[in-house]
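Survey of secondary and tertiary structure
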Amino acid sequence: MNPHTQKLLSTIAAYEAKCGITAPESILESLWYDYSCRNPVDDGQVREAEAHIAPIFRELSVESSDHLSDLIVDLLTGYQRAAYLEGLRTGVHL
């Protein structure tokens, strides 16, 4: 059995032991977390986009730039997570 499958089965078993049931959402969350850890999205496009918005961040206070950065990351990872989970629900194969 490959390590990915073994980790997923361990996670499911731990959830079942804790809660007595297997919730489909917890399985999808486990798949998303494992996928996002194994496939980081830090390619040239991300660095290029960061270079374009860097001047805007320099004009802001540290607190404001941190807050804006957190909002951007939350928004983008939210869309990525939603697309991944919807793909699994509709049967898309990676």
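Here goes a summary of the coordinates provided. Remember, predicted model here, so these are calculated numbers, not experimental data.

On the surface, Ile53, Ile56, Leu60, Ile72, Leu75, Leu76 and Tyr79 cluster together into a nonpolar patch covering about 650 Å² of accessible area. For the nonpolar patch, the elements supplying multiple residues, two or more each, are α3 (44-59) and α4 (62-90). Residue contributions to the nonpolar patch peak at 4 residues, all from α4. By the element assignment, leucine 75 lies in helix α4. Its relative accessible area of 48% is what places leucine 75 among the partly exposed residues.

This part is about the nonpolar core. Among the nonpolar cores identified, the biggest contains 5 residues, and these are Leu28, Leu31, Trp32, Tyr84 and Leu85. Listing elements by their share of this core, those giving two or more residues are α2 (24-38) and α4. The leading source of residues in this core is α2, at 3 residues. The contact partners of leucine 31, leaving out residues within four places of it in the chain, are His4, Leu8, Tyr84 and Leu88.

Take α3 next. The end-to-end C-alpha distance of α3 is 24 Å, a good match for the 22 Å that 16 residues give at a rise of 1.5 Å each. At isoleucine 53, α3 shows its largest bend, some 40°, and a proline, proline 55, comes one to four positions later.

Here we come to the side chain of serine 65. The topology assignment puts serine 65 in helix α4. Look at serine 65 and you get buried, because its relative accessible area is 14%.

The rules behind the values
Residues numbered from 1 in each chain as written. Predicted model: local features only at pLDDT ≥ 70, side-chain atom pairs only at ≥ 80, totals over all residues. Heavy atoms only, no water. Patch = residues over 30% accessible without salt bridge, like charges linked within 9 Å, V, L, I, M, F, W, Y side chains within 5 Å. Areas by Shrake-Rupley, 256 points an atom, 1.4 Å probe, with all protein chains shown as cover. Salt bridge = Lys/Arg side-chain N within 4 Å of Asp/Glu carboxyl O. Helix = DSSP H or I, 4+ residues; strand = E, 2+ residues; numbered from the N terminus. Buried < 20%, exposed > 50% of the residue type's maximum accessible area, 1.4 Å probe, protein only. Core = buried A, V, L, I, M, F, W, Y, C linked by side-chain atoms within 4.5 Å. Contact = heavy atoms within 4.5 Å. Expected span 1.5 Å × (residues − 1). Bend = angle between axes of the 7 residues up to and from the residue.

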